[in-house]
Amino acid sequence: MNGAYALRDVGYAYGDREVLAVDRLEIPSGRFTALVGPNGSGKSTLLHLLGFLAAPSRGEMIFFGEPATPSRLTALRLRVGLLLQNPYLFHTSVAENVAWGLKVRGYSPAERSRRAKKALDVVELGGYERRFALALSGGEAQRVALARLVALEPEVILLDEPTNHLDAETRVRIEAALQEWVRERGTTVVLATHDITQAHRLGAAVWQLDSGRLREGEPDNVFRGRLVAGEPGTFDTGKLRLRVSPPPERATCLRVSAREVILSREPQVTSALNSLRGTVVRAEVAGPGEIRATIDCGEQVVAVVTLESWERLGLTVGREAIASFKATSVKVL
Amino acid sequence: MASSLVSAWQLLWDFDPDVYFVVWTSLKISAAGAFLAAVAGIPAGMTLALTRFRGRGLVLLLLNTALALPTVVIGLFVYAFISRRGPLGHLGLLFTPAGVVVGELLLALPIAVHYSLSAIQALDPRLFLTIRSLGANRWQEARKILSEGRFGIMAAVVASFGRTIAEVGVAMMLGGNIEGFTRTMTTAIALETSKGEFELGLALGIFLLTVAFAVNAGLYVLQRSRG
């Protein structure tokens, strides 16, 4: 694999408490990778490790084929750019903010000015150069911070909830600009987000983080397909049909949280409009007292249930099960 | 009292050379002491703010104690070192402007350290992460931190200068109040007042207040302009 990062048995601890444990993580170069998880799951800590702002307490990190040893962290930092969740802007002009990382790298004033202007254009803030950074709105400040990274043209860009403060329209445009950027330069982008839909929009490889544990794959059920003409709120994946409420006008990708899926042994009379019969093909521990079960219903449906429910239902791999969820639990991506 | 005030204004207005020599000596010595205190105190304050080490609590305790040291105690301490029989007596600093500067430096140093420490501690913690994430080395990091905390740092310099220009104990003990050589505004005020010469004392007092006001007003304007 043409990899930007490879992590093996990496852990990070505050004192005696290990807050992050990564058995294995491989991040390909030149594309988007998303770290998805709730607040406090360890996404920011992992980004700080990937940005070489901290050394792991244990394990091995490889960066573009070279080991990232503690003595090399400062040098490696120059090849990576990190956008904080709540970015800090220096108490200077927008242009000086964007150009500061270039100054650190020894670029001439003319080159700094040229690159800063170009980066501001990418985030749609051309003409903002002379403005005082602290007078900007939250969204503008986030874009200036993004421009500060883009100006550096680093090999890797790490983004911690990058579009938090942006309205939906601007977010889509900034995402498009980022995608263009990655395509043109082959930049590797690692994105921490709690929003799986953003990961999908960017076409990112998804890793999920939960309580500091990393797992490859999507945390939710994602179904691709099309709406059935003449049957409002019915979505066809080619292998099964799902009901969506309220009926969307357009949808090619749907998501159902694994925690919204209810498992039973027999069909139940409930308000859930989606009831899918299938076979349990995988069962693993999802967390303390929780089981993540995969049911093959034509499409694979993942459900997270308590260990108690799992045992009460007597489910095991190979047994038949019914996966049910409400039409209102189905979200359009 | 009114006639003394009028005479004091007259002395200032007429640019009395004796008055202005005292003013100049005072400004020179105080500025030198405050400058040296800032040069040593700002990095020390910054280090204390940014690092954690064994004994840091004790250092902070000693720093707070030093803030409350009476000027005459510092004067006495330095006197013991630079007097003819003291360990640094051979340098001939006693009753010279340089000797007073040493005392003023020690007087202002805890203030410079304390204000710098507070200024850096008051900075947004995201600043440090941002600076490092942008690839700065230690030197670039320190410069940027100082730049972002510039108003607090300026306050450290101003407070140090305020302390050195307004004190009398150190200047009296280490300078000896020698006319035309080590006489400062505060020692002159003390002397003239004890002699019953209120005019000169008042004139210098007015000047002292004006300097203090101007320096603080300058800082205020700077802070307001980009606060």
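Up top is the structure these notes are about.
This is a predicted model, so every value here is computed, not measured. (Residues numbered from 1 in each chain as written. Chains lettered and ligands numbered in written order. Predicted model: local features only at pLDDT ≥ 70, side-chain atom pairs only at ≥ 80, totals over all residues. Heavy atoms only, no water.)

Draft legend 1. Up close: the environment of His165 of chain A. Residue and element names in this part refer to chain A. Here His165 lies in the loop between β7 (156-160) and α6 (168-185). Put simply, His165 and Lys331 are 166 residues apart on the chain and 22 Å apart in space, counted from C-alpha to C-alpha. Excluding anything up to four places from it in sequence, His165 contacts Gln85, Asn86, Gly138, Gly139 and Gln142. (Helix = DSSP H or I, 4+ residues; strand = E, 2+ residues; numbered from the N terminus. Contact = heavy atoms within 4.5 Å.)

Draft legend 2. Seen up close, unusual backbone geometry. Residue and element names in this part refer to chain A. The peptide bond linking Ser245 to Pro246 adopts the cis configuration, its omega dihedral lying at -5°. Tracing the backbone shows Pro246 in the loop between β14 (241-243) and β15 (253-257). The phi angle at Glu124 is positive, at roughly 60°, despite the residue not being glycine. When you line up the elements, Glu124 lands in the loop between α4 (109-122) and α5 (138-150).

Draft legend 3. Spotlight on the sheet that holds strand β13 (residues 234-236) of chain A. Residue and element names in this part refer to chain A. As summarised here, the arrangement of the three strands in space is β12-β13-β14, forming an open sheet in which the pairing is antiparallel. Across the chains shown, the open sheet's two edge strands, defined by having one partner strand only, are β12 (226-227) and β14. Summarising the sheet, β13 and β14 pair through three bridges and their orientation is antiparallel. Note that in β14 the partner of Phe235 across the bridge is Leu242. (Pairing = 2+ DSSP bridges.)

Draft legend 4. Layout of the nonpolar core. Within the largest apolar cluster, 61 residues are counted, with the highest numbers of intra-cluster contacts made by Val98 and Leu159 of chain A together with Ile120 of chain B. Looking at this core element by element, the count peaks at seven residues for α5 of chain A. Sequence-distant contacts of Ile120 of chain B, defined by excluding residues within four places in its chain, comprise Met46, Ala49, Leu50, Phe128, Ile145 and Ile153 of chain B. Leu7, Val19, Leu25 and Leu214 of chain A belong to the second-largest nonpolar core, a separate cluster that totals 34 residues. (Core = buried A, V, L, I, M, F, W, Y, C linked by side-chain atoms within 4.5 Å. Buried < 20%, exposed > 50% of the residue type's maximum accessible area, 1.4 Å probe, protein only.)

Draft legend 5. Layout of helix α3 (residues 94-104) of chain A. Buried residues dominate α3 of chain A, accounting for eight of its eleven residues. Those residues of α3 of chain A not exposed but buried are Val94, Asn97, Val98, Ala99, Trp100, Gly101, Leu102 and Val104 of chain A. Buried residues belonging to α3 of chain A abut α4 and α5 of chain A together with α6 (125-133) and α7 (138-148) of chain B. Within two residues after α3 of chain A, Gly106 of chain A carries a phi angle of roughly 85°, on the positive side.

Draft legend 6. Molecular detail of the side chain of Ser160 of chain B. Residues and elements named next belong to chain B. In this fold, Ser160 is placed in helix α8 (residues 150-166). Among the polar contacts made by the side chain of Ser160, one reaches the main-chain carbonyl oxygen of Ala156 at a distance of 2.7 Å. Leave out the neighbours within four places in its chain, and Ser160 touches Ala34, Ala108, Ile111 and Ala112. (Polar contact = N/O pair within 3.5 Å; in protein donor to acceptor, adjacent residues only side chain to side chain.)

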